[in-house]
Amino acid sequence: MRIFDTYISSVKDVIHTRPLIGTLYLLLLVFALTVSVPFYNYLESSFSYSLEFDESVSGFDFLFIKDFIQEHKDGLGMFLLNLKWLIFLYFLMSVFLSSGIVSAVVAPKESYKVGAFFRDCTKYFWKYLRMAVYFILFYTIVFFLLFKLFEAILGGVSVFEIENDKLMIVVFYSLFGLFSLIFFLSILLQDLCKLDIAHNPGDWIYKNLLRSLKKFSSNYLKYIFYYLLILFSFVLISLIVYVLKQYIKGMEWLFVSFILGQIYIVLRIAIRLTKIFGLNYLYKN
Amino acid sequence: MFFYVHAGSAQEQLSPRIANYEIDLELDVVRKMIVAKQKIVWKNTSVDTIDELRFHLYYNAFKNSESSFMREREFPDFLTGDDGLDCPYGWLKVDGFKNEHGTELIEGHEYLYEDDGNTNDQTVLSIPLEHGILPGETRSFYMNWTSRIPKIMPRTGYNKEFYFFAQWFPKLGVYEAAGVRYAKTGQWNCHQYHSRGEYYADFGNYTVSMTVPQDYVVGASGALIEKKDLGEKNRWTFEVNDVIDFAWTCSPHFAVVKDKWEDVDLTVYTYKSHIDCTARYLKSIKYAFEYMDKHVGKYPYKTLTILDPPLHGMFTGGMEYPTFITSLHFCFLPPCLKTTETLTVHEFIHQYFMQMVATHEQEEPWMDEGITTYFEGRILDKYEGEKTSLIDCFGAQIGNGDFNRTEFFESGVVTIAPCSIKSRDFEHGGYGEIAYNKTAIWLKTMERMLGIETMDKILKTYFDRWKFKHPKTQDFIDITNEIVQENHGDEFGENLNWFFDQVLFGTGECDYGIHMIKNEEVKTPIGFVEDFDKCNLTQNESELNKRYKSEAVIRRYGEMYFPVEVEIEFDNGKSVIKKWDGKDRTVGYEFVGTEQIISVSVDPHRKIWIDKNFNNNGKSINKSDRGLKYYFYKALEWTQNIMESLTILI
């Protein structure tokens, strides 16, 4: 199957799984509301009668923000602490949902049922969680090694040892590029591994990983091009939304801008699904 | 010939030229040493006979870990266990000191430590004279000295092949005659070298010759008057008149860029990899020249040298010396972060405040760093935009003045000490925040309270009256009171001492806010019975319209007080401005009529820049629905995007 055909087929698949997109969007919205509603209440109780609060919406106002933080740092500190736990919870939930998504891709059903989706979410939860932890560990190790390499090339990270900062920039960008490349390929490999787990659920993770590596190495150009196409779609959509938002600045457009933001979130979810659908086609072929 | 004759220089004499130096030195880049001969021509302008001379030996601050300088700051880790050629310590030893008759006087020398009694400190040297210097007499002395150059010490030293020399030679203290600053009788003012604040010296002429390896390029205060080829070495001679100090630098890697502002020669010393940043230096220095020329006074020197040190030489960056400033530029920071411009402008302003108006940085740091920081904000806000003069990146905009204010109020040391104390008395922190930022904040408050014209007149008068002299705090206050009286009469009281008592000598905070807004319907009598048989009521006119008793209460939360304006808006679109002297803890304004108060704002134009919280300055009777909606939508959208991005790791 050619890359563009894969992409088109995947987009069609995603369009057919609208209820799945809806479910994912709603869950994301509920989680985001658990953060933003308390924030709203906090603002309402502490600040909503201030004239400066009203005026601050007209643009970035450094003084307003800093005076606000200075005055409300205790309240904001508590808020950020809660946010940390919510992000952790969302991480777990994403692993959970990921299992449901892959199941829906690997074994599509005639009609979408919420109950069935959530049942599927439990299928590979533990394996996916372990794999996510392994990959995060891998990124940390890669980051650490590259940092050590950065140090070694420059003769230390002490500014007093660095001959000139131009060299530092060149080294930094080169290593950053290398890290991005490793990160990109690892994401691809992780997604492949998730599919492999769904196709061969009885195997140990290392076997899934090895098989995914074999699959990738036998046809790496196809996988990379497909992921670049996905990346391009994401960048293009982000750019369009950004440009549109520049035209609808101002309070009178606030709601329209918010709706556009929600459409953007839906599109991001759709791109995520397109990625998995397409990868499954490539995996099978 | 060793010594030049330059006392009768043709250049117009700007200063009293009390302490004059001719130095001839050789730099040994292998042993990291300087061997120098120094002629000192000193004039006794007091009515006393002076029988000793006192010198600053700044390099001895780096001689041991127990010097006052080292005790006062965190001891650098790299100063342990290293020896040989890379030994980072530094010192200066006076090997000989003779008078005009060739009499050796060094034998009687002693180190003084009057500031703190620290016997391990050798940064002040006293040399008794054989014959006292009579009032009005000018005498010459000849000194030989050797110094070891420290490695990466604050503001001076070497690293790799980069050398920077500041506070590097034996320099005379100031003999303050009775009546000069705080001196009741004649006295030497020659403090030990402390970790904060260094400048205070008499004006004089400098001729300095440096013999350095052939491949080294030298940059220094003043103008290059001669470069002589000595075979393996070159001898560079620089000259500058009417200044309080001299600094220089050298490296084999310097690229030199030249430009001009009016008749002033601008020279930038940078490393080749930084050559593209010189445009930023030159642009900012030119607008700083233009601004100071217009608002303060003329820059009278013919040269200005700007050093852009390499990254490994950044310990010397962001400093000021007569006709020579050091800035700092990081190639990895985008141009929308204007730290390069900020440093360049700041250090240039020092040419006026501490260099020409020669205040005492150790004793009255606010007069040096504070006034400079204030002008830094004014200049950058004008040329780089009030809201964008520090950062203008990706929609985030921060002005220099705004950042200064925030830095101060977030520091946690707002009330730790008054502005007026000595730099070394900020024992428990707050030096930078109070001497620099707080001064700039209260000067801006003063500017907005009095108006820019009065402020400019004060600063211009201060500069004109005190250039090439040594003013003290009270001199600034006196000029302010004089100009305010002239321009505003008694509008701000008999004088502005109440203002200085709070901002300069006090430690209080300022915070005005709206305490309460209330609108109550007035229960008017519904009528009068005139005919008891019929119980007819005569109606009041007021019955036709509802009437309200509206009240706004403004509160002074902080200790400081200033005259403030209060703007009150009514539901019929009208607004009134009330003037409040700001002294009482609260003030209430009552109105009775058909209109209701909808909002109140204290200091609506943010004149009182030292108010620590602007967000409580205005209050409305209605909730800001648009504000709540705006932040709710933004928070929701941001959270969704962050969470969706997180899925990439899963």
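Conventions adopted
Residues numbered from 1 in each chain as written. Chains lettered and ligands numbered in written order. Predicted model: local features only at pLDDT ≥ 70, side-chain atom pairs only at ≥ 80, totals over all residues. Heavy atoms only, no water. Helix = DSSP H or I, 4+ residues; strand = E, 2+ residues; numbered from the N terminus. Buried < 20%, exposed > 50% of the residue type's maximum accessible area, 1.4 Å probe, protein only. Contact = heavy atoms within 4.5 Å. Areas by Shrake-Rupley, 256 points an atom, 1.4 Å probe, with all protein chains shown as cover. Lys, Arg positive; Asp, Glu negative; His and termini not counted. Charge placed at Lys NZ, Arg CZ, Asp CG, Glu CD. Buried area = accessible area lost by both parts, 1.4 Å probe. Salt bridge = Lys/Arg side-chain N within 4 Å of Asp/Glu carboxyl O. Polar contact = N/O pair within 3.5 Å; in protein donor to acceptor, adjacent residues only side chain to side chain. Axes fitted to C-alpha atoms, helices over the stretch in contact; angles between N-to-C directions. Parallel < 35°, antiparallel > 145°, perpendicular 65-115°, else oblique. Left-handed = near helix turned anticlockwise from the far one by under 90°. Nonpolar A, V, L, I, M, F, W, Y, C, P; charged D, E, K, R; others polar. Disulfide = S-S within 2.5 Å. Expected span 1.5 Å × (residues − 1). Core = buried A, V, L, I, M, F, W, Y, C linked by side-chain atoms within 4.5 Å. Patch = residues over 30% accessible without salt bridge, like charges linked within 9 Å, V, L, I, M, F, W, Y side chains within 5 Å. Pairing = 2+ DSSP bridges. Right-handed = clockwise from strand over helix to strand, strands pointing away.

Undergrad: Teacher, can you tell me more about the overall build of chain B here?
TA: In terms of helices and strands, chain B carries 10 helices and 33 strands. Within chain B, the fraction of its 650 residues that count as buried is 60%. Across chain B, every contact between residues at least 6 apart in sequence was considered, and the portion connecting residues at least 24 apart equals 72%. Accessible area for chain B stands at about 25600 Å²; split by element, carbon and sulfur atoms hold 50% of it. Counting 71 positive and 100 negative side-chain charges, chain B places the averaged centre of each group 2 Å from the other.

Undergrad: I would appreciate a short explanation of the interface of chain A and chain B in the present structure.
TA: You'll often see interface size given as the accessible area lost when the parts meet. Facing 69 residues of chain A, the contacting portion of chain B comprises 64 residues. Contact between chain A and chain B buries roughly 6400 Å² in total, counting both sides, with carbon and sulfur atoms accounting for 64%. In this structure, Glu644 of chain B and Arg272 of chain A form a salt bridge, with 2.8 Å as the shortest nitrogen-oxygen distance. In this structure, the connection of chain A to chain B is made through 28 residue pairs in polar contact (both at pLDDT 80 or more). When contributions to the side of chain A that touches chain B are tallied by element, the ones reaching two or more residues are α2 (18–47), α3 (51–55), α4 (62–71), α5 (73–106), α7 (125–154), α8 (165–199) and α11 (254–284) of chain A. It is α2 of chain A that contributes the most residues to the side of chain A that touches chain B, 14 residues altogether.

Undergrad: Teacher, can you tell me more about the packing of helix α7 (residues 452–466) of chain B against helix α8 (residues 473–488) of chain B here?
TA: Helix packing for two helices is described by the angle between their axes and how far apart those axes are. Residues and elements named next belong to chain B. Between α7 and α8, the least distance of the axes is 9 Å, while the angle of their chain directions is 135°. Between α7 and α8, the interaxial angle falls into the category oblique. Seen from above, α7 lies across α8 with right-handed handedness. Of the residues in α8, those touching α7 at Thr454, Lys457, Ile458, Leu459, Thr461, Tyr462, Arg465 and Trp466 are Asp475, Phe476, Ile479, Thr480, Glu482, Ile483, Val484, Glu486, Asn487 and His488. Here the residues of the contact of α7 with α8 are counted per class, giving 8 nonpolar, 5 polar and 5 charged.

Undergrad: Where do I start with the state of the cysteines in this structure?
TA: Should the sulfur atoms of two cysteines be covalently bonded, the bond is a disulfide. Within this structure, the stated rule accounts for 1 disulfide over all chains. With no disulfide partner, Cys121 of chain A has as its closest neighbouring cysteine sulfur the one in Cys193 of chain A, 19 Å distant.

Undergrad: Please explain helix α4 (residues 365–384) of chain B as it appears in this structure.
TA: One turn of the α-helix equals 3.6 residues, which is why residues spaced by three or four share an orientation. For α4 of chain B, with 20 residues, the first-to-last C-alpha span of 27 Å sits near the 28 Å given by 1.5 Å per residue. Of the residues flanking the end of α4 of chain B, it is Gly385 of chain B, one or two places downstream, whose phi is positive at about 95°.

Undergrad: Help me understand the nonpolar core in this model?
TA: Inside soluble globular proteins, nonpolar side chains tend to come together where they are buried. Within the largest apolar cluster, 169 residues are counted, with the highest numbers of intra-cluster contacts made by Trp42, Phe97, Trp168, Phe246, Trp248, Trp442 and Phe476 of chain B. Residues within four places of Phe97 of chain B in sequence aside, it is in contact with Ile40, Leu53, Phe55, Thr103, Glu104, Leu105, Ile106, Ile127, Leu129, Phe141, Tyr142 and Met143 of chain B. Counting residues in hydrophobic clusters, the runner-up holds 82 residues, among them Tyr128, Met131 and Tyr264 of chain A together with Phe632 of chain B.

Undergrad: Would you mind showing me how to read a nonpolar patch on the surface here?
TA: Where nonpolar side chains cluster on the molecular surface, the patch consists of Tyr220, Leu221, Phe225, Leu228, Leu231 and Val235 of chain A and spans about 570 Å² of accessible area. By the secondary structure assignment, Val235 of chain A is in helix α10 (residues 220–247).

Undergrad: Honestly, the pattern of salt bridges in this entry has me stumped. Any pointers?
TA: Between side chains of opposite charge, a pair can form when the charged atoms approach closely. Within the structure shown, the criterion is met by 46 salt bridges over all chains. Between Glu410 of chain B and Lys66 of chain A there is a salt bridge whose closest N-O contact spans 3.2 Å. Note that Glu410 of chain B is positioned in the loop between α5 (400–409) and α6 (431–450) and Lys66 of chain A in helix α4, a pairing that runs across two chains. Residues Lys148 of chain A and Glu151 of chain A are paired through a salt bridge, measuring 3.1 Å at the closest nitrogen-oxygen approach. Separated by 3 residues within a single helix, Lys148 of chain A and Glu151 of chain A lie in helix α7, roughly one turn from each other. Through salt bridges with shared partners, one network takes in Glu176, Arg181, Glu363 and Glu364 of chain B.

Undergrad: Whenever I open this one, the sheet that holds strand β30 (residues 575–580) of chain B confuses me. Can you help?
TA: Sheet strands line up and pair through hydrogen bonds in the backbone, either parallel or antiparallel. All names here are of chain B. In spatial order, the strands read β30-β29-β32-β33; together these 4 strands make up an open sheet with antiparallel pairing. In this open sheet, the two strands that pair with only one neighbour each are β30 and β33 (618–620). Taking each pair of neighbouring strands and ignoring which way they run, the sheet shows an average axis angle of 15°. By the bridge criterion, 6 bridges tie strand β29 (residues 564–570) to β30 in an arrangement that is antiparallel. Its bridge partner being in β30, Glu565 is matched across the sheet by Lys579.

Undergrad: Teacher, can you tell me more about the pairing of strand β20 (residues 303–307) of chain B here?
TA: Regular strands place their side chains on alternate faces of the sheet. Residue and element names in this part refer to chain B. The buried count for β20 comes to 5 of 5 residues, which makes it a mostly enclosed element. Side chains Thr303, Thr305 and Leu307 project from β20 onto one buried face, and the interleaved Leu304 and Ile306 project onto a second face that is buried too. Sheet topology note: the strand β19 (residues 264–271)/β20 ladder contains 5 bridges and is parallel. Residue pairing for β20: Leu266 is matched across the bridge by Leu304. Handedness of the β19-helix α2 (residues 278–295)-β20 crossover: left-handed. Note: β20 against strand β22 (residues 324–326), 3 bridges, orientation parallel. The residue bridging Thr305 from the neighbouring strand is Phe324, located in β22.

Undergrad: Where do I start with the packing of α10 of chain A against α11 of chain A in this structure?
TA: Residues and elements named next belong to chain A. Where α10 contacts α11, the two axes come as close as 10 Å, and the packing angle between them is 175°. In terms of axis orientation, α10 runs roughly antiparallel to α11. Considering only residue class, the contact of α10 with α11 consists of 15 nonpolar, 6 polar and 4 charged.

Undergrad: Sorry if this is basic, but what is going on with unusual backbone geometry here?
TA: In most cases, non-glycine residues show a negative phi, while peptide bonds are predominantly trans. All names here are of chain B. Phi angles above zero are rare outside glycine, and Gln167 is one such case at about 45°. Mapped onto the fold, Gln167 is located in the loop between β9 (162–165) and β10 (171–172). For Gln167, a relative accessible area of 4% corresponds to the buried category. Backbone geometry at Phe394 places phi at a positive 50°, although glycine is not the residue there. Here Phe394 shows up in the loop between β23 (391–393) and β24 (396–398).

Undergrad: Just checking my understanding: could you explain the sheet that holds β22 of chain B for this structure?
TA: All names here are of chain B. What the 5 strands build is an open sheet, ordered β18-β19-β20-β22-β21; its pairing is mixed. Edge positions in the sheet fall to β18 (254–261) and β21 (319–321), since each has one partner strand and no second. In this sheet, adjacent strand axes meet at a mean angle of 15° when their direction is disregarded. In this sheet, β22 lies alongside β21 in antiparallel orientation, the contact comprising 3 bridges. In the sheet register, Met319 faces β22, and the bridge partner there is Thr326.

Undergrad: Even after reading the chapter, I still don't get the side chain of Lys127 of chain A, so can you show me in this structure?
TA: Residues and elements named next belong to chain A. When you line up the elements, Lys127 lands in helix α7. Nearest to the buried, unbridged Lys127 among oppositely charged side chains is Asp203, at 6.8 Å. Aside from chain neighbours lying at most four places away, what touches Lys127 is Ile197, Pro201, Gly202, Asp203, Trp204, Ile205 and Asn208.

Undergrad: How do you make sense of the pairing of strand β13 (residues 204–213) of chain B when you look at a structure like this?
TA: Residue and element names in this part refer to chain B. Of all 10 residues that make up β13, 10 are buried, and the element is covered over most of its length. With 9 bridges connecting them, β13 and strand β16 (residues 233–243) associate as antiparallel partners. The partner of Pro213 across the bridge, within β16, is Lys233.

Undergrad: What should I look at first to understand the environment of Ile197 of chain A in this one?
TA: Residues and elements named next belong to chain A. With respect to the secondary-structure elements, Ile197 resides in helix α8. Given a relative accessible area of 0%, Ile197 falls into the buried group. Note: C-alpha distance between Ile197 and Leu209 (12 residues apart in sequence) is 8.8 Å. Once residues lying within four places of it in the same chain are set aside, the contact partners of Ile197 are Tyr124, Lys127, Tyr128, Met131 and Asn208.

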